[in-house]
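Each chain is listed here by its residues.
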Amino acid sequence: MNRLTYIGIFIAVILIIVAIFAPFIVTHDVTAINTAIKYAAPSGEHWFGTDALGRDVFSRLITGARISLQVGITVTVVSVVIGTIIGAIAGFYGGWVDKFLSGYLFNVFLAFPGLLLAIALVAFLGAGLGKLILALCIIGWVGYARVMRGQVLKVREFDFVQAARALGASNLRILFIHILPNAIQPLIVQASLGMAGAVLSEASLSFLGLGIQPPAPSWGTMIEEARGFDTLSNPQHLLFFPGIAIALTVLAFNFIGDGLREYLDPKQRKR
Amino acid sequence: MKYKLINFAKQLGLLLLVVWTVVSLVTLLIEIVPGDPATAILGENATPEQIANFNQKHGLDKPAFFFSIKSEKGFEWHGADNRYLDYWKGVVTGDLGKSFRTDRPVQDMIFERYPNTIKLALAAMFIAILIAVPLGVLAGTNKGTLIDNFSSFFALLGISLPSFVTGPFLVYVFAVKLNIFAPTGSYNPEDIVLPAFTLGAALSAILTRMVRSSVIEELGEDYVRTARAKGLSERIVVYKHVLKNGLIPVVTILGLQLGVLLAGAIITEKIFMWQGLGLLLLDDGIAKRDYRIVQGCVLVISVTYILANSLTDLVYSWLDPRIRLT
């Protein structure tokens, strides 16, 4: 693994620690409004300054990390599980099951570009943490399902699968004990990149006002609040810190994903 | 030839099936709204007559689908006079319903805004190509050098920074500090520059990486050795031979990305108040709970996306005969 991968892992570990211990790290109440100190520049008292309502940006950023990772991890885990099951079924059973799943169902979900389906779902369902996670899972699983299907198609032809079948193992046993453990590798890479995508999607939807609702401090919401009309000529720390936070998080998981891909694929390692 | 036609028909059939499902999903989305649209539009204080009038005007008094299954009544058959079929009849005849708030036909509002979104997507693509091809070629031909590392860093940055961070940053630098462009709006021709850069940044990053790896791969091919052995200058080898072959995968990505750009434009349009389809969806549709507008926008954006993708597949297999749709 290259240096960037280690940097990615380092950042991710710090993020996770920060997210877990957020309540002990914050220096101020994240929702406490004090307009007397609005737009204060970074100082000893407010490390990252204060926002339009005089709230402490550092504390909001730390709490935001918690929300961000919570959504990211939940969405990734749920999507991976659903995607693995559906993809494995499509690849393993083949025939009309595969035709229906990969030929039709995958294509329907891939027919909505990017965030559009999530935006539409949240628009009709209403905003909120649970609905946001649901919407992101609905758009997220199909990517994993596609990878899993391809993997299972490949692995099921291997000799040890034939051997297991000859020994009289049931379909379920072959699928879960023999095929899945040998097919899961690319999914780990995909999940790491998907984690970056989920964090980005949450921030995007919150930025549009369709995700985490104020006063909860999502990074996306913080950026939306930072670019209010009167802020354009006001201190830029409001934009800078959440922007850096999102970029670092996404970079970290992209680094990890890229590094793992190289590590797991010997063909790429030589380059 | 016969095989080709059958294959084409199969693809077309699948395409139609997917479009049918997408339209159906969009049609039925309105059913998952908590409460009913009439109260959302008219407010809590609306009288029952007002609500009934509103529902009748927009066809909301009819049953949602051919049948319904409710716990108190069980299975109930409603017949053909339902909202699902009504919306489909509208779609086929080019009528996407009327706005719940202004009574304007939704298709008029969409086609008023659509050209702006396409303009923005194409401008973003143009900027992305302008950055990515030279940078990718430079990085690929100078593998492992400082230039290569710089371009890799740039690419990663572009992928990791979302548009709602780059956008306001560009506004701050070029509108507030340098005063070159207007911060928002779509009134003057130059107003497109900042939104197009914002939308194109991520794409240019992806493309740079693709061009780079494509160039590296092609440089190892035999024909490159032949070209060099002929005594061609390195510039001609790279630009005339390598780039031509290396661009095939890039063209596919561009086609696929056109749809992504159309969807990504939603956020960029919001940042710059660019009067496109995305802003119509967000400000007139979602913010005002005008569900007809939301349905129309989602429908048009996703169908455009599907068509752009299918067209790319077609062009791709035509460009490179080795690739056949399976």
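Summary of the structure given here. Note that this is a predicted model, so its numbers are computed, not measured. (Residues numbered from 1 in each chain as written. Chains lettered and ligands numbered in written order. Predicted model: local features only at pLDDT ≥ 70, side-chain atom pairs only at ≥ 80, totals over all residues.)

A closer look at the pairing of strand S2 (residues 74–77) of chain B
Residues and elements named next belong to chain B. As a reminder, the rule being used: By this definition, two strands are paired if DSSP reports at least two bridges between them. The helix and strand labels rest on DSSP assignments: H or I over at least four residues marks a helix, E over at least two residues marks a strand, and numbering proceeds from the N terminus.
Of the strand pairs in this sheet, strand S1 (residues 67–70) and S2 are connected by 4 bridges, and their pairing is antiparallel. Each bridged residue has a counterpart across the sheet, and for Ile69 the counterpart in S2 is Phe75. Counting the residues that bridge the hairpin from S1 to S2 gives 3 residues.

Regarding helix H6 (residues 129–155) of chain A
Test applied: Helices are assigned an expected span. That span is 1.5 Å times one less than the residue count. To get the bend at any residue, fit one axis to the seven residues that end at it and another to the seven that begin at it, then take the angle between the two axes.
Helix length check: H6 of chain A (27 residues) gives 38 Å between terminal C-alpha atoms against 39 Å at 1.5 Å per residue, within 8%. Maximum bend of H6 of chain A: about 30°, positioned at Ile138 of chain A.

Comments concerning the nonpolar core
Under the convention used in this document: A set of buried residues qualifies as a nonpolar core if it consists of Ala, Val, Leu, Ile, Met, Phe, Trp, Tyr and Cys joined through C-beta atoms within 7 Å. Burial is judged by counting other C-beta atoms within 10 Å of a residue's own C-beta: 20 or more means buried, 12 or fewer means exposed, and anything between counts as partly exposed, with every C-beta placed from the backbone. Contact definition: two residues whose C-beta atoms, as placed from backbone geometry, lie within 7 Å.
The biggest cluster of nonpolar side chains holds 149 residues, and the ones touching the most others in it are Ala118 and Ala120 of chain A together with Ala124, Leu261 and Cys297 of chain B. Those residues in contact with Cys297 of chain B, other than ones at most four positions away along the chain, are Ile110, Leu277, Leu280, Leu281 and Gly285 of chain B.

Section: the environment of Ser302 of chain B
Relative to the assigned elements, Ser302 of chain B resides in helix H12 (residues 291–319). In the structure, Ser302 of chain B is positioned 39 residues away from Ala263 of chain B in sequence and 8.4 Å away in space, judged by C-alpha atoms. Discounting chain neighbours no more than four positions away, the residues touching Ser302 of chain B are Ala111, Phe112, Pro113 and Leu116 of chain A together with Val22 of chain B.

A short note on the interface of chain A and chain B
By a frequent convention, interface size equals the accessible area lost on bringing the separate parts together. This is how it is decided: Under the scheme applied, nonpolar residues are Ala, Val, Leu, Ile, Met, Phe, Trp, Tyr, Cys and Pro; charged residues are Asp, Glu, Lys and Arg; polar residues are all the others, including Gly.
Between chain A and chain B, the contact holds 33 residues from the first and 38 residues from the second. If you list the elements that add at least two residues to the side of chain A that touches chain B, you get helix H4 (95–110), helix H5 (116–125), helix H9 (185–207) and helix H11 (237–264) of chain A. Counting residues per element, the side of chain A that touches chain B draws most heavily on H11 of chain A, at 7 residues. When the residues that make up the side of chain A that touches chain B are grouped by side-chain class, the tally is 23 nonpolar, 9 polar and 1 charged.

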